[in-house]
Amino acid sequence: MQQNPSVLTDQLAVEIARLGIVGESSDIGTLHRTTELAAQAVPGCAGATCIRWAVPPGDGDERPEPLASAASHPDLAQLVDRQLARRHGPVFDVVRLRRAVGSDDILAETRWPEAMNDMLGRGVRCFSTTPHIRPPVLVTLTLYGVTAGALARSQHAIASLLVAQGSAAMSNALQYDSVHRTAVQLQEAVEARAVVDQAKGILMHELGCDADDAFAEMRRISQTRHVKLTALAQRIVGDQGLHGTTEKPDHSID
């Protein structure tokens, strides 16, 4: 019994949209879900593999390195592993050229003989690899067909959408993590500044000095006792004075 195409399209749209949501899945989970959706949604696609690559900064000669991969079937995972081990094959040309490559009939394909032999040995007759880059993330999605010409070029748009959503999710997750770390660091800096200012106020009262002299005294104690300034400030605030630091105040600052 065939599914209603419009219902299938609605379901697919929801699943593709979820690929781009930060926090829906890990990188590996996103790669696996991309391959599963490709195998389900693209007509003629019998299976798929997906690779996430690390994009080197700048415009140097350093090539992207594979970070993680996923496959819809174990045999296809072996194809990826063998190609990555050789560091040669269609997926490397896709990464280098930043454009899709493929073959409608592997029996007639003269490029990448080792990779083509691997595919034929696992029943693959055609393939198409599509890249999508959203710095610092580069993702490649490879579709495999079991009959020559099974992957109609008109269907490649779905593959492009899938890989774009998958790479967007991973790129957004990296940016989110970076922003979160920055926010945490700023919060810690604000809290550290607050406790230092509080400690300065206590010393100003205890030593009868101004803010600059109080801060200078804190720095002197910090350096002589090899204690971080923030840690010293916390001890001063906790003990409400210098007596808890076991350090005699330098009355020359009065």
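Above: the structure in question.
Residues numbered from 1 in each chain as written. Predicted model: local features only at pLDDT ≥ 70, side-chain atom pairs only at ≥ 80, totals over all residues. Heavy atoms only, no water.

(A) Broad picture of the overall build of the chain. Looking only at helices and strands, the chain has eight helices and five strands in total. For the chain, the N- to C-terminal ordering of α and β elements is α-α-β-β-α-α-β-α-β-β-α-α-α. A buried classification covers 38% of the 254 residues belonging to the chain. Of the roughly 13,900 Å² that the chain leaves accessible, carbon and sulfur atoms contribute 53%. (Helix = DSSP H or I, 4+ residues; strand = E, 2+ residues; numbered from the N terminus. Buried < 20%, exposed > 50% of the residue type's maximum accessible area, 1.4 Å probe, protein only. Areas by Shrake-Rupley, 256 points an atom, 1.4 Å probe, with all protein chains shown as cover.)

(B) Region of the structure containing the sheet that holds strand β1 (residues 47–54). Ordered by their spatial adjacency, five strands build an open sheet running β2-β1-β5-β4-β3, and the pairing between neighbours is antiparallel. Pairing within the sheet leaves two strands with one partner each, and these edge strands are β2 (65–71) and β3 (101–103). On average, adjacent strands in this sheet sit at an angle of 15 degrees to one another, irrespective of strand direction. Relative to β2, β1 is paired through six bridges, and the arrangement is antiparallel. (Pairing = 2+ DSSP bridges. Axes fitted to C-alpha atoms, helices over the stretch in contact; angles between N-to-C directions.)

(C) Expanded view of the environment of aspartate 197. In this structure, aspartate 197 sits in helix α6 (residues 156–207). Relative accessible area serves as the criterion here: at 33%, aspartate 197 is assigned to the partly exposed category. In sequence terms aspartate 197 and alanine 211 are 14 residues apart; their C-alpha atoms lie 8.8 Å from each other.

(D) Structural detail: the pairing of strand β5 (residues 137–145). Judged by how many residues are buried, β5 sits mostly within the fold: nine of nine residues are covered. Residues Val137, Val139, Leu141, Leu143 and Gly145 line one face of β5 and the alternating positions Leu138, Thr140, Thr142 and Tyr144 line the opposite face, and both faces are buried. Where β1 and β5 come together, eight bridges link them in antiparallel fashion. When the bridges of β5 are listed, alanine 48 appears paired with leucine 143. As paired elements, strand β4 (residues 126–134) and β5 share nine bridges and run antiparallel to each other. Each bridged residue has a counterpart across the sheet, and for serine 128 the counterpart in β5 is leucine 143. Here β4 folds back onto β5 in antiparallel fashion, the turn holding two residues.

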